[in-house]
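A structural walkthrough
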Amino acid sequence: MDFKKTKYGRFMNNRVPSDKRYQPTEYEHAANCATHAVWIIPSILGSSFLYFLSDDHWETIMAWIYGFGLSGLFTTSTVFHTVSWKKSHLRTVEQRVHMCDRIAIYFFIAASYAPWLNLRELGPWAWHMRWMVWIMACVGTLYIFLFHERYKIIEFIFYTAMAAVPALVILSMHDRDGLFELAIGGAFYSLGTVFFKSDGLIPFAHAIWHLFVAMGAGTHYYAIWRYLYTPGSGQVKTSR
Ligand SMILES: [Zn+2]
């Protein structure tokens, strides 16, 4: 691999073929760690806040699940980027942590949908998505164990499908409050993928992707807090 510096010098290395992993510069490594590390504590505090706002056991369970997904995403991502920064002699560890990072994304997507799927009234068939998101997360995890990094395009399709399919079901909610924020959050994630695919083309592309993830997650957190947990938000409880 040729890591000759581009005209951006220490801010970006050359692009690599799609079967190779881009090698960030020192500055990019630092930005990759920082842009997710700063969200670990707020995500724990934010989900604890939801826990304290819960007024039935389903809200409590969802606060735990969502909280684990949210803080787990930022934590595994930070650990992975830190290990990959200081790797050289830690090749296998880096590989394992990278797998955890990818798996955390599947569970994060499932956890982000869980409060909506479980705390809102859904259409007659739509409620099956409550358990299907977790099956999808498990299938994604299985894929990581079997083919990690081998077919990047399949992985990309998996993530996109997992993000988009439950969204169709969410549209069947009887109470449609929060759909606008959910769409805005989804737009942040979608726009972010442009940067996710731009390593070596745009300096700090991966760190910018991280910021889009944080904005998407922040918007979705706001919607969950406002429409599912805030007293008097007028939500209709599901019949469970
Ligand atoms: Zn990352």
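Residues numbered from 1 in each chain as written. Predicted model: local features only at pLDDT ≥ 70, side-chain atom pairs only at ≥ 80, totals over all residues. Heavy atoms only, no water.

Quick word on the pattern of salt bridges
Put simply, the test is: Should a side-chain nitrogen of Lys or Arg be within 4 Å of a carboxyl oxygen of Asp or Glu, the pair is scored as a salt bridge. Classification of residues uses two cut-offs on accessible area relative to the type maximum, computed with a 1.4 Å probe and protein chains only: under 20% is buried, over 50% is exposed, and between them is partly exposed.
Counted under the stated rule, the structure contains three salt bridges. For D101, the salt bridge identified is with R102, shortest N-O distance 3.9 Å. You can call R102 buried: its relative accessible area is 12%. Ionic pairing is found between D175 and R120, a salt bridge with its closest N-O pair at 3.4 Å.

A short note on the coordination of the zinc ion
Put simply, the test is: For Na, K and Ca the donor cutoff is 3.2 Å, while for all other metals N, O and S atoms must lie within 2.8 Å; water is not among the atoms, so some sites may look incomplete. Secondary structure elements follow DSSP: runs of H or I of four or more residues count as helices, runs of E of two or more count as strands, with numbering from the N terminus.
At the metal site, the zinc ion is ligated by H81 (NE2), H206 (NE2) and H210 (NE2), and these contacts range over 2.0 to 2.1 Å. We note that the donor set of the zinc ion lies within a single chain, spaced as H-x124-H-x3-H. One end of the pair, H81, is in helix α3 (residues 57-85); the other, H210, is in helix α8 (residues 205-229), and 129 residues separate them in sequence. Comparing H81 with H210 shows no difference in burial state: the two are buried.

With respect to the UniProt feature "binding site: Zn(2+)" (unreviewed entry) in the protein chain
Filter applied, for reference: UniProt positions are given in the numbering used here, feature names are shortened, and annotations may be inferred rather than shown by experiment. Pairs of residues are marked as contacts when any of their non-hydrogen atoms sit within 4.5 Å. Polar contacts, as used here, are pairs of N or O atoms within 3.5 Å; protein pairs need one atom able to donate a hydrogen and one able to accept it. Residues neighboring in sequence count only if both atoms are side-chain atoms.
As annotated in UniProt, the feature "binding site: Zn(2+)" (unreviewed entry) corresponds to H81, H206 and H210 in the numbering used here. Judged by maximum C-alpha separation, these annotated positions cover 130 residues in sequence but sit close together in space, the widest gap being only 11.3 Å. Judged by relative accessible area, which is 16%, H206 ranks as buried. Leave out the neighbours within four places in its chain, and H206 touches N32, H81, F196 and D199. Separated by 3.2 Å, the side chains of H206 and H81 make a polar contact. Excluding its chain neighbours within four sequence positions, the residues that come into contact with H210 are N32, T35, H36, S77 and H81.

Here's the deal with the UniProt feature "transmembrane region" (unreviewed entry) in the protein chain
Per the UniProt record, "transmembrane region" (unreviewed entry) is found at residues 30-52, 64-83, 103-119, 125-146, 153-173 and 208-228. Between the C-alpha atoms that bound residues 208-228 there is a distance of 29 Å. The span itself is 100% helix and 0% strand.

Let's talk about the nonpolar core
Generally speaking, a soluble globular protein has its nonpolar side chains buried in company with each other. Cut-off, in case you're wondering: Put simply, a nonpolar core is a bunch of buried Ala, Val, Leu, Ile, Met, Phe, Trp, Tyr and Cys residues held in one set by side-chain atoms that sit within 4.5 Å of each other.
Among the nonpolar cores identified, the biggest contains 45 residues, and W116, L117, I170 and Y229 are the most heavily contacted of them. Secondary-structure elements contributing two or more residues to this core are α2 (40-53), α3, α4 (91-119), α5 (129-147), α6 (152-170), α7 (179-196) and α8. Among the elements that line this core, the one with the most residues is α4, at eleven residues. Setting aside residues no more than four positions away along its own chain, I170 makes contact with Y113, W116, L117, L179 and L182.

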